[in-house]
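Coordinate analysis (summary)
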Amino acid sequence: MKRLSILLGFISLFSMLNLKAQDPWIIQADKIDAQNYYGISVSNGVIGVVSSPTPLRVKEVILAGVYDQYGRGRTSNFLPSFNLLDLKLTIDWEDVSIDNISNYKQQLDMQTGIFSGSFDFKDIASVEYSYCALRHLPHNTMLSVKVTSRKKDIHIVAENVLLTPAALRDDQHFYNEINPSHAYIPLLTSKAKSPSGKIDIVASNTFLFEEEHGKQPKVMHEMRDSDSHLMKFVKRIGANSPYSFSLIGTLISSEQVNDPYNQAERLAIYANLQGKESLMDNHKQAWAKLWESDITIEGDPQVQQDVHNMLYHLYSFTREGSKYPLSPMGLSGTGYNGHVFWDTEIFMFPPLLYLQPEIAKGLIEYRFDRLGAAKRNASSYGYQGALFPWESAMSGEEECPVWALSGTYEHHITGDIAFAAWQYYLVTQDKTWLEEKGWPILQGTADFWVSRVVENQGKYEIRNVVCADEWAENVDNNAYTNAIAKLNLEYAVECAKLLNYSINDKWLTIAKNLVFSKMENGVTREHDSYDGQNIKQADVNLLTYPLKVITDKNQIKKDLEYYISKVPPTNTPAMTKSIFSTIYSRLGDSVNAYKLFKESYEPNLLPPFRVMAEMQGSTNPYFITGAGGVLQSIIMGFGGIDIDSKGNINQLKTSLPSHWTKLEIKGVGKDRRTYMVR
């Protein structure tokens, strides 16, 4: 008994230390290694800012919705944009760099979406800085700096540089000062065109000073080269004194407004005159509103922080009222060229649908707005209805490189979009939306499948497709493709009944007679020619979750155990094991569910902020598709949240990992309910 008491004491002590080891909201980097550093994003759904190991700098800035032909292939690509927060600081006439500072730390506060850093410059001064993409002002960023002198008076020089990215052309540079009687507003503005010349992109920056009007430092302007210019000021700081200033950045394009040049400067002036305190208060209030829908886990501090990290990125890459697409890398860079895949509807959309339905609405309406392009796409291949592109940008036309067969044959994307549209209706019960936008999507996609199937002795086949498992190309009767088509057709029938519209008789006939087959061992066959090959990602198992086409527990287990063994340990995307985890949770097996949950993301984390890459060994964070899958393993797996065919949100009986004492999911659905598992 004494040994047991000592052991329990050690366990209790370890638990207490572990609880203190990780803050649920703040990720800290106490050692900055520039050679092994992967930036973390602060974003507001329109602007994404990626951190840099260089003090006071950021790696890159991304503006949502701006695509043009540049770089890979002959397709539209996400364009790098002006680096708004490029600040160079000189202290006593010596440039600050990572080589001449000490005690350098960085951190991200996920609760407020604020990134910050601090360091000492020799024994002369200490510096603190923070920046954010203002949540309430979609086109604005703000960087704030505080320099505290030590021992003696010092001089600082702060330079903000606007350098035109290599992707842009025909750049123009402007400097102006707005001088109403009560304010001093310097404006550093750059304007350039996208590679094709179709889009204007404008950045406009202003310093925001805290001194009384008339006592601010005088800002100077310099042209450094044909593609860059800067504004700067010099300030003397007394011994043992702090000095603070801010830099407000504005980024906008002709994709958002007709006159981005004037609007960029207007927004810079507007933000300047709001003042730092008001800007930060409104920014924090906007983030607090988002976090009314949250996930809390007791008993596993590191997982709690990781889940907040994933949810933070999902929230930061999107925003209510926006119809910008959500790509696999969100606003963390130009990975996958910013294109939109099935990742959005199947992996990122479901957590948002439950926790932020108004944000989810924008994602499906992005597809509705491009329904006409999908119909033209179907027609060009000789089909009826609407065929959505495998890779989409702003036009709604196919953006997949020609050499990739997915662009011409991975047709399950069309059913994925219909699936998301129907799920949105079920959760919101918004019948007006269903009639105006949901029905056109469901009708157009169902009509596509009618023209896509081939009748064979009373059965219907879908031949020559690229599977959800993309290592299987140009095969017949892929289980996932057939299943999503079946649901698409059934949802169209349900929607027509609900709205008292006429029903195409073929929809239900085809849905009832689509081909699914099994192997000799009783496992659901991935496609007609599947014979035990390794798979890239979950395919058949998606029929269990989220599609619910396979509901027999014995079949679910058989399929799960078989296909888990067919996924190699490396070179496969993060979201596969999260699907396996979710299914195990729903089967009541918390041990395997937790094991696969951890395997679904931990091997993919990169330093120093645990940002998620697509697969183990990748260096392309942040992979928001994987985060969406892991969040589903929490919400729909361990949490058991489920929606039935009538739109009722229920909670299935599940069990938690043994060391979790409580899981709470707050702000679910239109009624903002809280669900708990102990």
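These remarks concern the structure in this document. Note that the structure is predicted; figures quoted are calculated from it, not measured.

So, about the overall build of the chain. Helices and strands together make up the secondary structure of the chain, namely 16 helices and 27 strands. Its C-alpha atoms give the chain a radius of gyration of 27 Å, within 12% of the compact-globule value 26 Å for 678 residues. Its C-alpha atoms put the chain at 90 × 75 × 40 Å along the principal axes. Here the chain holds 678 residues, and 61% of them are scored as buried. Put simply, of all contacts in the chain between residues at least 6 apart along the chain, 68% involve residues at least 24 apart. Carbon together with sulfur atoms contributes 47% to the accessible area of the chain, which is approximately 26400 Å² in total. The centroid of the 67 positive side-chain charges in the chain is displaced by 4 Å from the centroid of its 77 negative side-chain charges.

Structurally, Leu352 is set in helix H5 (residues 342-355). Residues Leu352 and Tyr315 lie 37 residues apart in sequence; the distance between their C-alpha atoms is 8.2 Å. Not counting chain neighbours up to four residues away, the residues in contact with Leu352 comprise Leu314, Tyr315, Thr318, Pro357, Ile359, Ala360 and Leu363.

On to the sheet that holds strand E7 (residues 94-95), then. The strand order E7-E6-E12-E17-E16 describes an open sheet built from five strands, whose pairing is antiparallel. Edge positions in the sheet fall to E7 and strand E16 (220-225), since each has one partner strand and no second.

Further remarks concern the nonpolar core. Ranked by internal contacts, the top residues of the largest apolar core, which has 201 residues, are Ile91, Phe245, Ile295 and Trp342. Tallying contributions element by element places helix H11 (residues 479-499) first for this core, with 13 residues. Once residues within four sequence positions are removed from consideration, Trp342 is found in contact with Phe347, Trp390, His412, Ile413, Asp416, Ala468, Tyr480, Gln537 and Leu542. Membership of the second largest hydrophobic core comes to ten residues, among which are Leu137, Leu208, Leu279 and Met280.

Now for the pairing of strand E11 (residues 140-149). In terms of burial, E11 is a largely internal element, eight of the ten residues being buried. The pairing of strand E10 (residues 125-133) with E11 spans nine bridges and is classified as antiparallel. Bridge assignment links Glu128 to a residue of E11, and that residue is Lys146. What sits between E10 and E11 in their antiparallel hairpin is a turn of six residues. Relative to strand E18 (residues 242-253), E11 runs antiparallel, the two sharing nine bridges. Across the sheet, residue Thr148 finds its bridge partner in E18, namely Pro242.

Here the focus is the packing of aromatic side chains. Inspection of the entire model under this criterion finds 37 aromatic pairs. Centre to centre, the rings of Phe341 and Trp390 are 5.9 Å apart; their planes meet at 80°, and the pair counts as edge-to-face. Of this pair, Phe341 sits in the loop between helix H4 (301-316) and H5 while Trp390 is found in the loop between helix H7 (371-380) and helix H8 (406-409), placing the two residues 49 residues apart along the sequence. Accessibility assignment for this pair places Phe341 and Trp390 in one class, buried. On the basis of an interplanar angle of 85° and a centroid distance of 6.0 Å, the ring pair of Tyr594 and Trp660 is categorised as edge-to-face. Placement of the pair is Tyr594 in helix H15 (residues 590-599) and Trp660 in the loop between strand E25 (649-651) and strand E26 (662-668), with a sequence separation of 66 residues. Since its relative accessible area comes to 18%, Tyr594 is described here as buried. For Trp660, a relative accessible area of 4% corresponds to the buried category. Cation over ring: Arg135 sits above Trp287, and NZ or CZ is 5.3 Å from the ring centre.

One face of the sheet, then the other: side chains in a regular strand alternate in exactly this way. For strand E14 (residues 185-193), the tally of buried residues reaches seven of nine residues, placing the bulk of the element in the interior. Pairing geometry for strand E13 (residues 169-178) and E14, over eight bridges, is antiparallel. The partner of Asn176 across the bridge, within E14, is Leu187. Between E13 and E14, which pair antiparallel in sequence order, lie six residues. Relative to strand E15 (residues 200-209), E14 runs antiparallel, the two sharing six bridges.

This paragraph deals with the sheet that holds strand E3 (residues 47-51). Strand pairing in a sheet relies on backbone hydrogen bonds, with the paired strands running either antiparallel or parallel. Spatially, the four strands line up as an open sheet ordered E2-E3-E4-E5, and their pairing is antiparallel. Each edge of the sheet is formed by a strand with only one pairing partner; in this case those strands are strand E2 (41-43) and strand E5 (76-80). On average, adjacent strands in this sheet sit at an angle of 30° to one another, irrespective of strand direction.

Applying the stated rule across the entire model yields 32 salt bridges. As a salt-bridge pair, Lys289 and Glu292 come within 3.5 Å of each other at their nearest N and O atoms. Note on Lys289: relative accessible area 56%, which makes it exposed. One network of salt bridges, in which partners are shared, links Glu159, Glu222, Arg224 and Lys232.

This next bit is on the side chain of Glu265. Structurally, Glu265 can be placed in helix H2 (residues 260-274). At 8.6 Å, Arg266 is the nearest oppositely charged side chain to Glu265, a buried residue that forms no salt bridge. The contact partners of Glu265, leaving out residues within four places of it in the chain, are Leu187, Thr189 and Ser204.

A few words now on H15. Taken residue by residue, H15 has Ser590, Ala593, Tyr594, Leu596, Phe597 and Lys598 as its buried positions. Check the buried side of H15 and you find it contacts H4, helix H13 (553-564), helix H14 (575-586) and helix H16 (624-638). Two or three places before Val591, at the opening of H15, Asp589 has a side-chain oxygen 3.3 Å from that residue's backbone nitrogen.

Moving on, we get to the packing of H11 against helix H12 (residues 505-513). As a packed pair, H11 and H12 sit with axes 8 Å apart at the nearest point and diverge in direction by 145°. Seen along the crossing, H11 lies across H12 with a hand that is left-handed. Every residue of H12 that contacts H11 at Lys486, Leu489, Glu490, Ala492 and Val493 is listed here: Trp507, Leu508, Ile510 and Ala511. Here the residues of the contact of H11 with H12 sort into seven nonpolar, no polar and two charged.

What counts, and where the lines are drawn
Counting from 1, residues in each chain are numbered in the order their sequence is written. For a predicted model such as this one, the threshold for reporting local features is a pLDDT of at least 70, and the threshold for listing and counting side-chain atom pairs is 80 or more; totals across whole chains, interfaces and linings nevertheless cover every residue. In computing side-chain values, all of the structure's heavy atoms are included and hydrogens and water are not. Numbering of helices and strands runs from the N terminus, with a helix taken as a DSSP run of H or I at least four residues long and a strand as a DSSP run of E at least two residues long. Computation of the radius of gyration draws on C-alpha atoms, with the globule rule given as 2.2 Å multiplied by the number of residues to the power 0.38. Here the term buried applies to any residue with accessible area under 20% of the maximum for its type, exposed to any over 50%, and partly exposed to those in between, with areas from a 1.4 Å probe on protein chains only. Note on contacts: a residue pair is in contact if any heavy atoms of the two residues lie within 4.5 Å. Using a 1.4 Å probe, accessible areas were evaluated by the Shrake-Rupley method; residue-level cover was limited to the displayed protein chains. Charged-residue counts in this description rest on Lys and Arg as positive and Asp and Glu as negative, His and the chain ends being excluded. In plain terms, the charge of a residue is placed at NZ if it is Lys, CZ if Arg, CG if Asp and CD if Glu. DSSP-based pairing: two strands are paired if at least 2 bridges between them are found. Here, nonpolar core refers to any group of buried Ala, Val, Leu, Ile, Met, Phe, Trp, Tyr and Cys residues whose side-chain atoms link them within 4.5 Å. For Phe, Tyr and Trp, rings pair up if their centres lie within 6.5 Å, where Trp contributes its six-membered ring, and each pair is then called stacked (planes under 30 degrees apart), edge-to-face (over 60) or tilted (otherwise). When the NZ atom of lysine or the CZ atom of arginine is within 6 Å of a ring's centre and also within 35 degrees of its normal, the charge is said to sit over that ring. Helix axes use the C-alpha atoms of the stretch in contact, all axes being lines fitted to C-alpha atoms, and the angles between their N-to-C directions lie in the range 0 to 180 degrees. The salt bridge definition used is simple: a Lys or Arg side-chain nitrogen within 4 Å of an Asp or Glu carboxyl oxygen. We define a polar contact as two N or O atoms separated by no more than 3.5 Å, with the added condition that, inside protein, one atom must be a possible hydrogen donor and the other a possible acceptor, whereas residues neighbouring each other in sequence contribute only through side-chain atom pairs. Each helix crossing is assigned a hand: it is left-handed if the near helix lies turned anticlockwise from the far helix by less than a right angle, otherwise right-handed if that turn is clockwise. Residue classes follow a fixed rule: Ala, Val, Leu, Ile, Met, Phe, Trp, Tyr, Cys and Pro count as nonpolar, while Asp, Glu, Lys and Arg count as charged, and any other residue, Gly among them, counts as polar.

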